[in-house]
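Residue-level listing of the chains:
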Amino acid sequence: MSKDKYETMGQQFGRRSWAEPWKVKMVEPIKMISQAERKKAAEEAGYNTFLLRSEDVYIDLLTDSGTSAMSDRQWAGIMLGDEAYAGSRNFYHLETAVQEYYGYQFIVPTHQGRGAEHLISQALIEEGDYIPGNMYFTTTRLHQELAGGTFVDVIIDEAHAPQDQHPFKGNVDLQKLQSLIDKVGADKIPYVSLAGTVNMAGGQPVSMANVRALRELCNQHGIRIYLDATRMYENAFFIQEREEGYAGKSIAQILKEFCSYTDGAWMSAKKDNLVNIGGWLAVNHEEVAEKARNMVVVYEGLHTYGGMAGRDMEALAIGIAEGVNDDQVAARVGQVRYLGDLLLAWNIPIVEPIGGHAIFLDAKRFYPHIPQDQFPAQTLAAELYMDSGVRSMERGIVSAGRDPETGGHRYPALELTRLTIPRRVYTQAHMDVVAESIKAIFDAREQTKGLEMVYEPEYLRFFQARFKKL
Ligand code: P61
């Protein structure tokens, strides 16, 4: 090959390269164990990537939750922890940051996202209620069910089609919502559960037009809207990129407008807010805040720490402001796209358009010969780990769990394996290694067999289920 044939990765994709708006100050060594050791580790973990030891993992794309790198400012904030039991100054910093960037009035801290989901579900849902939402999330739906509610999926149909190119596949189908209201009555619907970028659909966004229209419909029926704001920064990025009238607005401005159409939000701060642990619930109605404050002392901790240390709240307050930065979000989504574009160039089936936090391999098209009840997405995650030590996560039939009515598996349309990119952690070279490994198992796909489930826990079975090779 002549020298001028060498192109940067940006040039190969027909663009100028982007780069991260930070540089590395501290590193964490990682190691690669041998293939024989990986095979043994996979077998011992029951072919469930949640059961692997992280020391046996080379590149960890299990989740972007709590795995991001904090900045030097956040670490400095850790030293400023006020560990008073009550009224820590760090709580007030956190409260001010949520009010400033998200615009909600009352803030209740929690140990992580599901703590906030628990509070909002118990505060608002009564036995026999229905909670419409733009696709389920595992912990969100479980808390709604445990509070006596039934989750109803009202996302647009395009969200269930991995190759559909709709730019806002997270949108609520207002017709589906109207039908539910007509069927059960608005008084059986305590709120709409709206997620900003829909995790299980592939990190797909909701448009501003959709949330505005949703607000109007809900106003007509006196129904509230609560937002899962976990990845709203990424949602705002897609609005900035794709929706008319928003190209000139900042992520922060778009975020604030979006939140203004909702009555409150719960947050897993372990994602967009760039901390390793933490969460919050924020609401605009005083009576909801009061219920949440009453309950937080039972389940999480006092209402001025909610399960976090003072230092955690300080790092979180700083992370809220850092994470919303336009260059930060663009580089974050840019890295996800970099990996996705490589795979698309090799005709490897993934969910499109590429979403905000992860690449989702479409296991139904990857392993068309493996039936869904032999767990193709679980198989894919296990094969990838055995090939290269890359850890991913099943997001298909195992994650969907069983139908509480019939007891049978739920068969979701999407059978996916998620490669989730932690924020500010891995380099472009790591992404190349991941892509090449996926290519290798894709090339060997015809010889690959599925799995049998040999242990199944009662709740959120994907975390601890065990499998055997068929
Ligand atoms: C994740 F396999 N997500 O994506 P907590 N809402 C949303 C989330 O993404 C989310 C939570 C609420 C995780 C961790 C995780 O089935 C699983 O702080 C949109 O984790 O309690 C968490 O926030 C809950 C992984 C959660 C899973 C549930 O990797």
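Treat the numbers as computed from the prediction; the structure is a model and nothing was measured.

Enquirer: Break down the side chain of Thr-379 for me, with residues and values.
Expert: Summarising the element assignment, Thr-379 is placed in helix α15 (residues 376–388). At a separation of 2.8 Å, a polar atom in the side chain of Thr-379 contacts the main-chain carbonyl oxygen of Phe-375. Aside from chain neighbours lying at most four places away, what touches Thr-379 is Tyr-367, Ile-370, Gln-374, Thr-448, Lys-449, Gly-450 and Leu-451.

Enquirer: Tell me about a nonpolar patch on the surface, residues and numbers included.
Expert: On the surface, a cluster of nonpolar side chains totalling about 300 Å² of accessible area is made up of Trp-22, Val-24 and Val-27. Here Val-27 lies in the loop between α1 (9–12) and α2 (35–44). Of the residues examined, Val-27 reaches a relative accessible area of 68% and is grouped as exposed.

Enquirer: Describe in detail the packing of helix α9 (residues 232–242) against helix α10 (residues 251–260), supporting the description with residues and values.
Expert: As a packed pair, α9 and α10 sit with axes 9 Å apart at the nearest point and diverge in direction by 105 degrees. As the angle between them shows, α9 and α10 are arranged roughly perpendicular. In this structure, α9 contributes Met-232, Tyr-233, Asn-235, Ala-236, Phe-237, Ile-239 and Gln-240 to the contact, and α10 contributes Ile-251, Ile-254, Leu-255 and Phe-258. In the contact of α9 with α10, the residues fall into nine nonpolar, two polar and no charged.

Enquirer: Before we move on, could you go through the side chain of Glu-117 and cite the residues and values that matter?
Expert: Summarising the element assignment, Glu-117 is placed in helix α5 (residues 113–124). Buried charged residue Glu-117 carries no salt bridge. Nearest counter-charge: Arg-114, at 5.8 Å. There is a polar contact of 3.4 Å between the side chain of Glu-117 and the side chain of Trp-266. When neighbours within four sequence positions are excluded, Glu-117 is seen to be in contact with Thr-139, Thr-140, His-143, Asp-228 and Trp-266.

Enquirer: Lay out the pairing of strand β2 (residues 106–110) with the relevant residues and their values.
Expert: For β2, the tally of buried residues reaches five of five residues, placing the bulk of the element in the interior. Across the two faces of β2 the burial is the same, with Phe-106, Val-108 and Thr-110 and Ile-107 and Pro-109 all buried. The pairing of β2 with strand β8 (residues 279–283) spans five bridges and is classified as antiparallel. Bridging across to β8, Phe-106 finds its partner in Val-283.

Enquirer: I'd like to hear about the pattern of salt bridges, residue by residue, with values.
Expert: As enumerated under the stated definition, the model contains 25 salt bridges in all. Its salt-bridge partner being Asp-272, residue Arg-423 comes within 3.6 Å of it at the nearest N-O pair. Of the two residues, Arg-423 sits in the loop between β12 (416–420) and α17 (428–443) while Asp-272 sits in the loop between β7 (264–268) and β8, which places them 151 residues apart along the sequence. Across the pair, Asp-272 and Arg-423 agree in class, each one buried. The partner of Glu-456 in a salt bridge is Arg-402, with the nearest N and O atoms 2.7 Å apart. With a gap of 54 residues between them, Glu-456 in the loop between β13 (451–455) and β14 (466–469) and Arg-402 in the loop between α16 (397–400) and β12 connect regions that are remote in the sequence. Take Glu-456: its relative accessible area is 30%, and that puts it in the partly exposed class.

Enquirer: Help me get a handle on the packing of α2 against α15, residues and values and all.
Expert: With their axes 7 Å apart at the nearest point, α2 and α15 run at an angle of 150 degrees to one another. Of the possible angle classes, the one that applies to α2 and α15 is roughly antiparallel. Residues Gln-35, Arg-38, Lys-39, Ala-41 and Ala-42 of α2 pack against Tyr-385, Met-386, Asp-387 and Ser-388 of α15. Here the residues of the contact of α2 with α15 are counted per class, giving four nonpolar, two polar and three charged.

Enquirer: Could you give me a rundown of the site of the ligand, with the residues and numbers involved?
Expert: Every one of the 22 residues lining the ligand counts as a neighbour, but Thr-63, Thr-138, Asp-228, Ser-268 and Arg-418 are closest to it. Contact distances for the ligand include 2.7 Å between an oxygen atom and a side-chain N or O atom of Ser-268. Here the ligand, which alone exposes 580 Å², has 97% of that area covered by the protein. Sorting the residues of the shell around the ligand by element identifies α5, α6 (138–146) and β11 (393–395) as the ones contributing at least two each. Ranked by residue count, the leading element in the shell around the ligand is α5, at three residues. Across the shell around the ligand, the residue classes tally to five nonpolar, nine polar and eight charged.

Enquirer: Give a detailed account of the environment of Leu-61, specifying residues and quantitative values.
Expert: Tracing the chain through its elements places Leu-61 in the loop between β1 (59–60) and α3 (72–78). With relative accessibility at 0%, the residue Leu-61 sits in the buried group. Through-space distance from the C-alpha of Leu-61 to that of Ile-125 is 34 Å; in sequence the pair is 64 residues apart. Sequence-distant contacts of Leu-61, defined by excluding residues within four places in its chain, comprise Val-390, Arg-391, Ser-392, Arg-418, Leu-419, Thr-420, Ile-421, Pro-422, Tyr-426 and Val-434.

Enquirer: Would you mind going over α15 in detail, with residue names and values included?
Expert: For α15, which comprises 13 residues, the first-to-last C-alpha distance of 18 Å matches the rise-based estimate of 18 Å (1.5 Å per residue) to within 8%. When you tally the buried positions in α15, you get twelve out of 13 residues, the bulk of the element. Within α15 the residues assigned to the buried category are Pro-376, Ala-377, Gln-378, Thr-379, Leu-380, Ala-381, Ala-382, Glu-383, Leu-384, Tyr-385, Met-386 and Ser-388. Phi turns positive one or two residues past the end of α15, at Gly-389, with a value near 80 degrees.

Enquirer: I'd like a rundown of the packing of aromatic side chains, residues and numbers included.
Expert: All told, the structure shown has 13 aromatic pairs when counted by the stated rule. Here the aromatic rings of Tyr-85 and Tyr-305 are separated by 5.3 Å at their centres, their planes lie at 70 degrees, and the arrangement is edge-to-face. Taken together, the positions of Tyr-85 in the loop between α3 and α4 (89–102) and Tyr-305 in the loop between α11 (286–299) and α12 (310–323) put the pair 220 residues apart, joining distant regions of the chain. Look at Tyr-305 and you get buried, because its relative accessible area is 18%. Residues Tyr-102 and Trp-280 carry aromatic rings whose centres are separated by 4.8 Å and whose planes lie at 70 degrees to one another, so their mutual orientation is edge-to-face. Here Trp-280 lies in strand β8 and Tyr-102 lies in helix α4, a separation of 178 residues in the sequence. Overall, Tyr-102 belongs to the buried group, its relative accessible area being 1%. According to the relative accessible area criterion, Trp-280 is buried, its value standing at 0%. Above the plane of the ring of Tyr-136 lies Arg-141, whose end atom (NZ or CZ) is 3.9 Å from the centre. In this arrangement the basic side chain of Arg-395 is found over the ring face of Phe-462, its NZ or CZ atom lying 4.9 Å from the centre.

Criteria and cut-off values
In every chain, residue numbers begin from 1 and rise along the written sequence. Note on the predicted model: pLDDT of at least 70 is required for a residue's local features to be given, and 80 or more for side-chain atom pairs to be given and counted; whole-chain, interface and lining totals, by contrast, use all residues. Side-chain metrics rest on all non-hydrogen atoms present in the structure, leaving aside hydrogens and water. Helix and strand definitions here come from DSSP, where helices need a minimum of 4 consecutive H or I residues and strands a minimum of 2 consecutive E residues; each element is numbered from the N-terminal end. Each polar contact in these results corresponds to two N or O atoms within 3.5 Å; when the atoms are within protein, one needs to be able to donate a hydrogen and the other to accept it, and residues that are neighboring in sequence are counted only if both atoms are side-chain atoms. The contact criterion used is simple: two residues touch if any of their non-hydrogen atoms lie within 4.5 Å. Patch membership needs two things, relative accessible area over 30% and no salt bridge, and members are linked within 9 Å if like-charged or within 5 Å if nonpolar (Val, Leu, Ile, Met, Phe, Trp, Tyr). The method behind every accessible area is Shrake-Rupley, applied with a 1.4 Å probe, and residues are considered shielded solely by the protein chains displayed. The term salt bridge refers to a pairing of a side-chain nitrogen on Lys or Arg with a carboxyl oxygen on Asp or Glu at a separation within 4 Å. Here's how the labels work: a residue is buried when its accessible area is under 20% of the maximum for its type, exposed when over 50%, partly exposed in between, all with a 1.4 Å probe on protein chains only. Angles shown run from 0 to 180 degrees and are taken between the N-to-C directions of axes, each axis being a line fitted to C-alpha atoms and, for helices, limited to the stretch in contact. To sort the angles, those under 35 degrees are grouped as roughly parallel, those over 145 as roughly antiparallel, those from 65 to 115 as roughly perpendicular, and the leftovers as oblique. Only Asp, Glu, Lys and Arg are considered charged, only Ala, Val, Leu, Ile, Met, Phe, Trp, Tyr, Cys and Pro nonpolar, and every remaining residue, Gly among them, polar. Note on charges: Lys and Arg go in the positive column, Asp and Glu in the negative column, and His and the chain ends are not counted at all. DSSP bridges decide pairing: two strands pair if at least two such bridges lie between them. Residues are counted as near a molecule or strand when any one of their heavy atoms sits within 4 Å of it. In this scheme, a helix's expected span is set at 1.5 Å multiplied by one less than its residue total. Here is the rule: rings of Phe, Tyr and Trp (six-membered ring for Trp) pair when centre to centre is within 6.5 Å. Planes less than 30 degrees apart are stacked, more than 60 are edge-to-face, and the remainder are tilted. Charges are assigned to positions over rings by a cutoff of 6 Å between ring centre and Lys NZ or Arg CZ, combined with an angular limit of 35 degrees from the ring normal.

Any functional reading would require information that these geometric values do not contain.
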